[in-house]
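# Structure assessment
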Amino acid sequence: MSPVSVTAPSSLLRMADLDQTAILRLLDRAEALRTSGRSSWPRFDRSVLGLVCFESSTRTLLGFESAMARLGGASVRLERPRMAGVMSRAESLEDTMRVVSSYCDAVLLRQADAGALDRAAAASTAPLINGGNGADEHPTQAIIDLFALRRRHGRLEGLRIGIAGDLVISRSAHSLLRALALFQPAEVRLMTPKGRGMPVAYRSGVACTSLSRLDVEGLDVLYMAGLPAGRGRTHLGESARRRFQLTMSAMRRLPATAVVLCPLPRIDEIASAVDAEAQAGYFRQSGDALFVRAAILESVMEEA
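Attention here is on the structure that accompanies the text. (Residues numbered from 1 in each chain as written. Predicted model: local features only at pLDDT ≥ 70, side-chain atom pairs only at ≥ 80, totals over all residues. Heavy atoms only, no water.)

### Quick word on the packing of aromatic side chains
Enumeration according to the criterion identifies 2 aromatic pairs in this entry. An angle of 65° between the planes, with centres 5.2 Å apart, marks the rings of Tyr-282 and Phe-283 as edge-to-face. On the basis of relative accessible area, Tyr-282 is assigned to the buried category, the value being 1%. Its end group placed over the ring of Trp-41, Arg-38 keeps NZ or CZ at 5.3 Å from the ring centre. (Phe/Tyr/Trp six-rings, centres within 6.5 Å; stacked < 30°, edge-to-face > 60°. Buried < 20%, exposed > 50% of the residue type's maximum accessible area, 1.4 Å probe, protein only. Lys NZ or Arg CZ within 6 Å of the ring centre and 35° of its normal.)

Right, here's the structure in full:
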């Protein structure tokens, strides 16, 4: 007999799980948490967040762990899946999720296999938060990105946005573009090396132009999605990488009111000298992510 599938309540798997109203509610709550004293934050003293990272993570893992601690809750980690270790037979993802979700009030999952997300969600009895599923989506990062956009410009509608990098595999860019479709950008400029453009599946509802070079003229937002080195057919040589690096020369063409964002980590796609420029917003973006993650956890915990 096949096991019964129990879909967890209040899960955040993809940007499609949120409409404009839900996104704005999260952003407003994150702003309220940012501007209020910690003593006024909600308390989840008896709540436990499971951090299941089957793929390496720094900001997502530590960010959610810190947010949960700030909310008064606890976290438990599974960073090296037992199914991939010294066991004589691999434990299934479904069994792992059944066990972990029975211990926790919510589970954050990062999984290298994009297609495993729905299997994990079906097996989990606790709300599941997608912390990045392969090269598909990273919805919590997109909400963090929108928060940074709104902090800089005071709005989300009508912005001229450039997204640069290897957009075939950038799950952060995939989720961001799907989120932007709800807010009618004035322009979306996709700047990618040849053969590394944004897949059609993520472009629905957004009119985009595509370039094979970095062009920052007139942008309100420059989103540096990253340039992984790649291997074989996906390898990017130095000449290709240089065309998409944000140098000080390129920065001088960026409007003074613009903001440069990046989901991090930064490798060499943003020159370190850019950090001192007024438009450099990526480290504040990363710091403000704490408030966004706290708002997401609050929403998930209260609705579960």
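Now that the structure is up, let's keep going.
### Quick notes on helix α2 (residues 59-70)
In this model, α2 (12 residues) spans 16 Å end to end at C-alpha, consistent with the 16 Å of a helix rising 1.5 Å per residue. The set of residues buried in α2 consists of Thr-60, Leu-61, Gly-63, Phe-64, Ala-67 and Met-68. Just beyond α2, the residue with positive phi is Gly-72, at close to 90°. (Helix = DSSP H or I, 4+ residues; strand = E, 2+ residues; numbered from the N terminus. Expected span 1.5 Å × (residues − 1).)

### Some details on the sheet that holds strand β7 (residues 208-211)
Strand order in this open sheet of 5 strands is β7-β6-β5-β8-β9, and the pairing throughout is parallel. Pairing within the sheet leaves two strands with one partner each, and these edge strands are β7 and β9 (259-261). Along the sheet, successive strands turn relative to each other by an average axial angle of 20°, direction set aside. Pairing of strand β5 (residues 160-165) with strand β8 (residues 221-226) involves 5 bridges; the strand directions are parallel. Its bridge partner lying in β8, Gly-165 is registered against Gly-226. (Pairing = 2+ DSSP bridges. Axes fitted to C-alpha atoms, helices over the stretch in contact; angles between N-to-C directions.)

### Notes on the pairing of strand β3 (residues 106-111)
Regular strands place side chains that alternate from one sheet face to the opposite one. Here β3 lies mainly inside the structure; 6 of its 6 residues are buried. In the sheet, strand β1 (residues 48-53) pairs with β3 via 5 bridges, with the strands oriented parallel. Across the sheet, the residue bridging to Gly-50 is Val-107, located in β3. Bridge count for β3 against strand β4 (residues 128-133) is 4 bridges, and the pairing is parallel. For Gln-111, the partnering residue across the bridge sits in β4 and is Asn-133. Between the parallel elements β3 and β4, the chain passes through helix α4 (residues 116-123) in a crossover that is right-handed. (Right-handed = clockwise from strand over helix to strand, strands pointing away.)

### Quick look at the pattern of salt bridges
In total, this model carries 18 salt bridges according to the counting rule given. With a closest N to O distance of 2.7 Å, Asp-288 and Arg-151 form a salt bridge. In this pair, Asp-288 sits in helix α9 (residues 282-303) while Arg-151 sits in helix α5 (residues 139-153), placing the two residues 137 residues apart along the sequence. Between Arg-189 and Glu-187 there is a salt bridge whose closest N-O contact spans 2.8 Å. Both residues of the pair, Arg-189 and Glu-187, count as buried. (Salt bridge = Lys/Arg side-chain N within 4 Å of Asp/Glu carboxyl O.)

### Concerning the sheet that holds β3
Taking strand neighbours across the sheet as the criterion, the 4 strands line up as β2-β1-β3-β4 in an open arrangement whose pairing is parallel. Each edge of the open sheet carries a strand with a single partner, namely β2 (74-78) and β4. If you compare each strand with its neighbour and ignore which way they point, the axes differ by 15° on average. Both β1 and β2 contribute to a ladder of 5 bridges, which runs parallel. Bridged to Gly-50 within β2 is Val-76.

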